[in-house]
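Summary of structural features
So you can see what is in the structure, the chains are spelled out below.
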Amino acid sequence: MLIRIKPLYSLVQFIFLYLLAGTLSAAVDKDSAVIRSIYSEALTSRIAYHNLVLLCRKAPGRLSGSPQLNTAIQLTKQFLQEAGADTVYLQPVQIPNWKPGYTEAIVAAGNRKVHLHALPLGNSVPTPAEGITASVVEVHSFDELNALGREKVSGRIVFYNRPMDPTLINTFAAYGKAVDQRVAGASKAAALGAVAVLVRSLTLACDTFPHTGQLRYQEGITKIPALAIATCDADSLSLWLKQNTDLQAFIKTSCRPAGDTVGYNVIGEIRGKKPAEGIMVAGGHLDAWYNSPGAHDDGAGCIQAVEVIRLFHSLGIRPVHTIRAVLFMDEEITQTGGKKYAQVASAEKENHLIAIESDRGGLLPIGFTFDCNEKDLEILQKLKSYFEPYRTDLFIKGGSGTDVAPLRSSARILAGLLTDSQRYFDYHHSANDTPEHVNQRELQLGSAAIASLFYLMDRRF
Ligand SMILES: [Zn+2]
C-alpha cells in the first residue's frame, strides 16, 4: 500500500535533515581543521627533533642499569615539563643490570688474523679471562645443528648464519623468522657441548655493525657466551670456513650480570576535563642497547609521546580524557617497565581507553594496528578518512607494542604506530641507530598521527 506523506510534514522533515546534515558536516570540517592544525604545528616545530638529538647525544647506550639511563630519565622528565604536562612523575621499577664489558673476536683466515666486528648479546655470560679458542662450525637452523649432533658440535664455537629473508616485504616478519638464532641459539648449542656461539647480526644490510639484542638461556643448560657479528663479517667467515673447515676463532668477553637495580618509568599527563572517562596513553621505551644511541629504537617513540602532550598543550586543545605519555623502562631485556605500569594501573583501578606504542622507528608512518573488539574497530575504521590526506590510513586489526601489551586485560584498545619498515633493521640495536638517520618530517608525521588519533577518539568515545 502506498503511504502518502503530508506535504507540510515532508517540508519540516526536509528542513530538519538539512540542518542535521549541516551540523554534521560542520563537525567533520571542524575536526579536519583541528587535525590540519595539529599537523601544521608538528611539521613547523623543531622541538621534538632537537629533543631527540639531545637524548641520543647525552644518553647514548642507555641500557637498564647504566648511568646513561638515569640521565635519560632526568632529561625526558624535563622534556615533559617543558611540553606543558600538568603532572610529571617517576614510577619506580626493578630493572636488570647487565654490563657489556670488553669484547674481542679474532679468526685465523689463512695466515692472517682478522678481528671481527663483534659484541656480546644481552644477558650473555663472559668467557674465562683468558678467552676461548676453538674451531668454528657453521649452521643455518636448529635442525641442521641437531643433525650434526654432539660429535661434531662439542668443544666448538657454533656460528649461526641464517640471514633475514630479503624477499619478505614486512621486515618485522623477516626479523621474526631469524631471531630464534639470537634468542635460543646459545642454549641449543650448549646442549650439544658447544663452548660459545657467534650469531649473524639481524639486519638486511651488509654492514660492519654488530646488531646486538637479548638472548635467553634455557633452564638447566650450561650458559655459554654469545656474540653478534656484523653481516659482512658473517659472509666472510662463511667463505673462510669453506676454504678451511678447521678454522680457529678466539673470543673473549667480560660482559656480566650485576644484580637488579631501580629505574623509573617517566610519566607526564594532561588531565582531562572528565578524567573518569579514561586515559589515553602514548608510549615508547626509554632504554636502548649499550652500543647504540637508540634514535629509532626507541628514542623516536619516546619523543613522539612527549610531542603528543606538547601538541595538545600548545594548540590549547583541552581533552575530555586524560592524555598521558609513558616512557617505559627495560623493554630490551625483561620488559619490567610495561609490566610495572600495568600492575599499578590495575591496583589504582585506572581506566584506559587506549594505549598506543610507537616502537617501529621514527620512520614514515603509514597507519595503525589496533587490538580491540569488533565494535570499537568499526568506530575506529570510520576515522580512517581523516588520515587519508596524511597517508597514514592503513588501519590493521591486531598488534600493539611490547610495553603496552601487559595492559590487555584492562585497556579497552591497544594500538601501535605502523611505519614503513624497509630501513628499520639497518639501524636496529646497532651503533648505526643515530639521530642523523631519523628524518625530522617523518618523526613529526608520527607525532601528529598519534595526536590526531587521540583528538578524534576523545570526541568519539
Ligand atoms: Zn624498541
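The structure presented is a predicted model; accordingly, all values stated were derived computationally and were not measured.

**Observations regarding the overall build of the chain**
In terms of helices and strands, the chain carries 13 helices and 18 strands. For the chain, the spread of C-alpha atoms along the three principal axes comes to 100 × 55 × 40 Å. Every one of the 461 residues in the chain was classed for burial, and the buried ones make up 50%. In the chain, 82% of the contacts between residues at least 6 apart in sequence involve partners at least 24 apart.

**Here we look at the sheet that holds strand S8 (residues 196-200)**
Spatial strand order, S4-S3-S10-S6-S7-S8-S9-S5: eight strands in an open sheet with mixed pairing. The strands lining the two open edges of the sheet, one partner per strand, are strand S4 (112-115) and strand S5 (118-120). On average, each strand axis in the sheet is inclined to that of its neighbour by 30 degrees, with strand direction left out of account. Sheet topology places strand S3 (residues 103-109) next to strand S10 (residues 248-253); five bridges connect them, and they run antiparallel. Looking at the pairing, Val107 lines up with Ala249 of S10. The strands touched by helix H4 (residues 142-153) within the sheet are strand S6 (132-139) and strand S7 (157-160), with S6 carrying the most contacts at an inclination of about 150 degrees.

**Notes on the domain arrangement of the chain**
For the chain, the assigned domains are domain 1 (35-97 + 259-460) and domain 2 (100-257). Each of domain 1 and domain 2 was reduced to a C-alpha centroid, and the two centroids are 33 Å apart. Across the contact, 15 residues belong to domain 1 and 19 residues belong to domain 2.

**Thoughts on unusual backbone geometry**
Residues Asp297 and Asp298 are joined by a peptide bond in cis, for which omega reads -5 degrees. Among the secondary structure elements, Asp298 is positioned in helix H8 (residues 295-314). If you check the backbone angles, Gln335 has positive phi at about 60 degrees while not being a glycine. Looking at the element boundaries, Gln335 is found in the loop between strand S14 (322-328) and helix H9 (336-347).

**Thoughts on the environment of Val153**
By secondary structure assignment, the location of Val153 is in helix H4. Taking C-alpha positions, Val153 is 48 Å from Ser346, a pair spaced 193 residues apart along the chain. In this structure, Val153 is in contact with Val137, Leu145, Leu148, Val158, Ala189, Leu192, Gly193 and Ala194, ignoring residues within four places of it in sequence.

**Looking at the packing of helix H2 (residues 47-58) against helix H13 (residues 440-460)**
In contact at an axis separation of 9 Å, H2 and H13 are set at 110 degrees when each is read in the N-to-C sense. Judged by the angle between their axes, H2 and H13 are roughly perpendicular. Once H2 is placed against H13, the crossing between them reads as right-handed. Residues Ala48, Tyr49 and Leu52 of H2 touch H13, and the partners they reach there are Gln440, Leu443, Gln444 and Ser447. Here the contact of H2 with H13 is composed, by residue class, of four nonpolar, three polar and no charged.

**Details of the sheet that holds strand S17 (residues 394-397)**
The strand order across the open sheet formed by eight strands is S1-S12-S14-S13-S15-S18-S16-S17, and the pairing between neighbours is mixed. What marks the edges here is a single partner per strand, and that holds for strand S1 (87-95) and S17. Each strand of the sheet is rotated relative to its neighbour by a mean of 25 degrees, with strand direction disregarded. Two elements, strand S16 (residues 365-371) and S17, share four bridges in a ladder whose sense is parallel. Each residue of the ladder has a partner; that of Gly367, found in S17, is Leu394. On the sheet, H8 packs against strand S12 (261-270), strand S13 (279-285), S14 and strand S15 (352-357) and is oriented at approximately 150 degrees with respect to S13.

What counts, and where the lines are drawn
- The residue numbering used here restarts from 1 in each chain and proceeds along that chain's sequence as written.
- Local features in this predicted model are restricted to residues of pLDDT 70 or higher, and side-chain atom pairs are both shown and tallied only at a pLDDT of 80 or more, whereas totals for entire chains, interfaces and linings draw on every residue.
- Each helix is a run of H or I in the DSSP string that is no shorter than four residues. Each strand is a run of E no shorter than two, and both are numbered from the N terminus.
- With C-beta atoms placed from the backbone, the exposure class of a residue follows from how many other C-beta atoms lie within 10 Å of its own: 20 or more, buried; 12 or fewer, exposed; in between, partly exposed.
- Working definition of a contact: two residues with C-beta atoms, positioned from the backbone, lying within 7 Å.
- Two strands pair under a simple rule: DSSP has to find at least two bridges between them.
- Lines fitted to the C-alpha atoms define the axes, with helices restricted to the stretch that makes contact. Angles between their N-to-C directions range from 0 to 180 degrees.
- The domain boundaries here were taken from an automatic or database domain assignment.
- Working definition: roughly parallel below 35 degrees, roughly antiparallel above 145 degrees, roughly perpendicular at 65 to 115 degrees, and oblique for all remaining angles.
- Throughout, a crossing is termed right-handed when the near helix is turned clockwise from the far one, and left-handed when it is turned anticlockwise from it by less than a right angle.
- Any residue that is not Ala, Val, Leu, Ile, Met, Phe, Trp, Tyr, Cys, Pro, Asp, Glu, Lys or Arg is counted as polar, Gly included; the first ten are nonpolar and the last four charged.

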